[in-house]
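# Tertiary structure, described
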Protein chains: 2
Amino acid sequence: MTPNTARRSEASRRAVLTAALDLVQEADYAKLSIEGIAARAGVGKQTIYRWWPSKGAVLFDAFLMLSEGAGGEAPVLPDTGDLEADLILVLRATVEELNDPRFGPPMRALSIEIAHDPELAAAYVERLDGPLREAKRQRLRRAQQVGQLAEGLDLDVAVDMIWGPVLNRWLQRTGPLTTAYTDLVVTTALTGLRPRGSSS
Amino acid sequence: MTPNTARRSEASRRAVLTAALDLVQEADYAKLSIEGIAARAGVGKQTIYRWWPSKGAVLFDAFLMLSEGAGGEAPVLPDTGDLEADLILVLRATVEELNDPRFGPPMRALSIEIAHDPELAAAYVERLDGPLREAKRQRLRRAQQVGQLAEGLDLDVAVDMIWGPVLNRWLQRTGPLTTAYTDLVVTTALTGLRPRGSSS
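About the criteria used
- Starting afresh in each chain, residues are numbered from 1 along the sequence in its written order.
- Each chain gets a letter, beginning with A, and each ligand a number, beginning with 1, in the order they are written.
- A pLDDT threshold of at least 70 governs which residues receive local features in this predicted model, and a stricter bar of 80 or more applies before side-chain atom pairs are shown or counted, although totals over entire chains, interfaces and linings include all residues.
- Side-chain measures were taken over the full set of non-hydrogen atoms in the model, leaving aside hydrogen atoms and water.
- Think of it this way: any DSSP run of H or I at least four residues long counts as a helix, any run of E at least two long counts as a strand, and we number them from the N terminus.
- Three exposure classes are used, based on accessible area relative to the maximum for each residue type with a 1.4 Å probe and protein chains only: buried under 20%, partly exposed in between, and exposed over 50%.
- Throughout, a residue-residue contact means that at least one pair of heavy atoms, one from each residue, lies within 4.5 Å.
- Every accessible area reported is derived by Shrake-Rupley at a probe size of 1.4 Å, with residue values counting cover from the shown protein chains alone.
- Asp and Glu are treated as the negative residues and Lys and Arg as the positive ones, with His and the ends of the chain left uncounted.
- Charge coordinates come from a single atom per side chain, which is NZ of Lys, CZ of Arg, CG of Asp or CD of Glu.
- When two components associate, each loses some accessible surface as probed by a 1.4 Å sphere; the sum of these losses over both components is called the buried area.
- The term salt bridge refers to a pairing of a side-chain nitrogen on Lys or Arg with a carboxyl oxygen on Asp or Glu at a separation within 4 Å.
- Here a polar contact is recorded for every N or O atom pair within 3.5 Å, except that within protein the pair must consist of a potential hydrogen donor and a potential acceptor, and residues adjacent in sequence are included only if both atoms are side-chain atoms.
- Lys, Arg, Asp and Glu make up the charged group, whereas Ala, Val, Leu, Ile, Met, Phe, Trp, Tyr, Cys and Pro make up the nonpolar group; the residues left over, Gly among them, are polar.
- In this text, buried Ala, Val, Leu, Ile, Met, Phe, Trp, Tyr and Cys residues form a nonpolar core when linked through side-chain atoms within 4.5 Å.
- The least-squares superposition of copies is restricted to C-alpha atoms, and to residues with a pLDDT of at least 70 in both copies.
- Axes here mean lines fitted to C-alpha atoms, for a helix over just the part in contact, with angles spanning 0 to 180 degrees between N-to-C directions.
- Each angle receives one of four descriptions, namely roughly parallel if under 35 degrees, roughly antiparallel if over 145, roughly perpendicular if within 65 to 115, and oblique otherwise.
- Should the near helix be turned anticlockwise from the far one by less than a right angle, the crossing is termed left-handed; should it be turned clockwise, right-handed.
- UniProt positions are given in the numbering used here, feature names are shortened, and annotations may be inferred rather than shown by experiment.
- Domain limits in this description derive from either an automatic procedure or a database domain assignment.

This brings us to the overall build of chain A. Within chain A one finds nine helices and zero strands. Its helices and strands taken in sequence order, chain A reads α-α-α-α-α-α-α-α-α from the N to the C terminus. In terms of principal-axis extent, the alpha carbons of chain A reach across some 70 × 35 × 25 Å. Considering chain A as a whole, with its 200 residues, one finds that 46% of them fall into the buried category. Restricting the contact set of chain A to residue pairs at least 6 apart, pairs at least 24 apart contribute 62%. For chain A, the accessible surface area stands at approximately 9,700 Å², while carbon and sulfur atoms represent 53% of it. Side chains of chain A carry 23 positive and 26 negative charges; the gap between the two charge centres is 4 Å.

Another aspect to go through is the interface of chain B and chain A. If you look at the interface, chain B gives 49 residues, while chain A gives 49 residues. Summing the contributions of chain B and of chain A, the shared interface buries around 4,500 Å²; its carbon and sulfur component is 61%. Counting across the chain B and chain A interface gives four salt bridges. For Arg 169 of chain B, the salt bridge is made with Asp 160 of chain A, and the minimal N-O distance between the two is 3.8 Å. Run the count over chain B and chain A and you get 26 residue pairs in polar contact (both at pLDDT 80 or more). Secondary-structure elements contributing two or more residues to the side of chain B that touches chain A are helix 6 (104-116), helix 7 (118-145), helix 8 (155-172) and helix 9 (179-191) of chain B. When the residues that make up the side of chain B that touches chain A are grouped by side-chain class, the tally is 25 nonpolar, 13 polar and eleven charged.

With that out of the way, let us pick up the nonpolar core. Judged by nonpolar contacts, the single largest core of 130 residues is most densely connected at Ile 37, Ile 48 and Leu 140 of chain A together with Ile 37, Ile 48 and Leu 140 of chain B. Among all residues touching Ile 37 of chain B, those that are not within four sequence positions of it are Val 16, Ala 19, Ala 20, Leu 23, Leu 32, Ile 48 and Val 58 of chain B.

Here the focus is the environment of Asp 129 of chain A. With respect to the secondary-structure elements, Asp 129 of chain A resides in helix 7 (residues 118-145). Taking the relative accessible area as the measure of exposure, Asp 129 of chain A reaches 13% and is therefore buried. Not counting chain neighbours up to four residues away, the residues in contact with Asp 129 of chain A comprise Tyr 124 of chain A together with Thr 174 of chain B.

Throughout the structure, instances matching the rule amount to 34 salt bridges over all chains. Of the charged contacts, one joins Lys 45 of chain A and Glu 35 of chain A as a salt bridge, the two residues approaching to 3.2 Å between their closest N and O atoms. With Lys 45 of chain A in helix 3 (residues 45-51) and Glu 35 of chain A in helix 2 (residues 34-41), this pair connects stretches of sequence that are ten residues apart. A relative accessible area of 35% places Lys 45 of chain A in the partly exposed class. We classify Glu 35 of chain A as partly exposed; its relative accessible area is 41%. Salt-bridge contacts for Glu 134 of chain B lead to Arg 137 of chain B; the nearest nitrogen and oxygen are separated by 2.6 Å. Within this pair, Glu 134 of chain B and its partner Arg 137 of chain B are both found in helix 7, separated by three residues, close to a single helical turn.

For Arg 173 of chain A, which is not glycine, the phi dihedral falls at a positive 55°. Along the chain, the position of Arg 173 of chain A falls in the loop between helix 8 (155-172) and helix 9 (179-191).

The two copies are related by a screw operation: chain B maps onto chain A through 180° of rotation and 0.0 Å of translation along the axis, at an RMSD of 0.0 Å. The relationship between the two copies is best expressed as a two-fold rotation axis. Among all residues of chain B, the minimum C-alpha distance to the rotation axis is found for Gly 192 of chain B, at 1.7 Å. In this assembly, 100% of the residues forming the interface of chain B have copies in chain A that are likewise at the interface, indicating an isologous arrangement.

Turning our eyes to something else, we now look at the packing of helix 8 of chain A against helix 9 of chain A. Residues and elements named next belong to chain A. At a closest axis distance of 9 Å, the pairing of helix 8 and helix 9 adopts a crossing angle of 150°. Classified by the interaxial angle, the pair formed by helix 8 and helix 9 is roughly antiparallel. In the packing of helix 8 onto helix 9, the handedness of the crossing is right-handed. Two secondary-structure elements touch here, helix 8 through Met 161, Ile 162, Pro 165, Val 166 and Arg 169 and helix 9 through Tyr 181, Thr 182, Val 185 and Ala 189. A class-by-class count of the residues in the contact of helix 8 with helix 9 yields seven nonpolar, one polar and one charged.

So, on to the side chain of Arg 133 of chain A. All names here are of chain A. With respect to the helices, strands and loops of the structure, Arg 133 is situated in helix 7. Judged by its relative accessible area of 14%, Arg 133 is buried. Separated by 2.6 Å, the side chains of Arg 133 and Asp 160 make a polar contact. Setting aside residues no more than four positions away along its own chain, Arg 133 makes contact with Asp 156, Val 159 and Asp 160.

Summarizing the sequence annotation, UniProt attributes the feature "DNA-binding region" (unreviewed entry) to residues 33-52 of chain A in the numbering used throughout. Counting secondary structure, residues 33-52 of chain A comes out at 75% helix and 0% strand; the distance between its end C-alpha atoms is 13 Å.

All names here are of chain A. Assigned domains of chain A: these are domain 1 (3-58) and domain 2 (83-191). The gap between the C-alpha centroids of domain 1 and domain 2 is 29 Å. Tallying the contact residues gives seven residues for domain 1 and eight residues for domain 2. For the pair domain 1 and domain 2, the two sides together bury roughly 560 Å², of which 69% comes from carbon and sulfur. Summed over the shared surface of domain 1 and domain 2, the number is zero salt bridges. Summed over the shared surface of domain 1 and domain 2, the number is one residue pair in polar contact (both at pLDDT 80 or more).

Right, here's the structure in full:
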C-alpha cells in the first residue's frame, strides 16, 4: 500500500464511521442499512463489506473512533473523598449522555446489536466497557481501602448495583431517567434495603 | 362474523403466534420476517398485517398468549417470612428461565423490540411487566411492614436494585448468569455497599 492509498483508505474508513453515527442520530436504526451508510459516506457497498461484517461492527468501530477522539486515555472517576457525592455526579453525567440526542440513539443502537450478537458483545466488554468498568472498580476499591465500603464486598456486583438499574431502565424504557431516580439509586445501593441500626 | 369465521380467525391468530415463538426459538430473530412467520403459520402475509403492525407486535401477543396459558392469574411472589431466601428463590427461577432455550430467545427478541419501539415498551410495561412488578412491590411491602426493610425505602428503586443488575447483565452479555451471581446480588442489595455497624 502506498502512502497515498493508505491515506485514501483511512479517509473512506472515517467517512463510513461518521456516516453511520450521523444516520443513527437522524433515523430509526432498525431501518438503517449498509446501503444507506455507503450512500451517505460516498463509498461503494463493497468498501464497507471489505472491512466490516455487519452494521453492528461498523457502529462499534464508530464508538471506538469517538472514544479515541476523546483523548484515548484510560477513564478515571472523580475522587473527592466523598464517595456518595462522586457517584451521584458520575451517574448524573451518564444519564445526561443517555438523554442526549447526539449520544443516546447511537448508544441504544449499539446496545441492541450487543443484545443480538454475542461476538460483538465480547468485543464491547473487552475494548469499551472493560476499561470503564475498571475505572469504576478502582474508585470503589479506594473507598473500600479507607473503610467506606464493606470489607468483603464484591466490586463487580457493586458496580452492577449502581449502574445496572439505570441502564436497564433506560434500555427497556420502564421509567423516566431523572436525576431524582439516579440519586436515589446511589443512596439506596450504599445504604441497602434493610434498616440500618441506630449506630449508622 | 359467523361463529365459524370467528373460530377460523382465532385458529389463524393462534397459528401465527405459535409460529413466531417457534421461529424465534430456532433462528436468529434479527433474520425473522413477517413472510417467514406467515409461511410457517400457513397463512397469507396480509392476514398478519391485518392484525399486527410489526413483528414486535406479533411477539408481544405471543407472550400474552403464553401468560394466559399459565392460568392468567395475577402473579404472586413466595412469602415464607424469610425475605432473603424468597428473593434468592425467585431470582434463581428468573435466571433459569432466561437461560432456558425455550424462553430465553423469545424474551431477548421481545426485549430488543422494546429497546427499539417506545409504543411497544409502553404496552409491555402496562400489560406484562406491570402486574409482575406489582407482585414484587407487594412482597417487599409486606417485608417493610414487619420491619425487615427500611421504613423510607422507595419500593420501585428496591425492585430495580434486585432485578436491574441481572436483567442488564443478561441483555448486554456482560457476564454469565449464575446462581452464585444472583444470590450475591440479593444479599448485597439487602445489606448495602457500606459497612454495617456491629449492631447488625
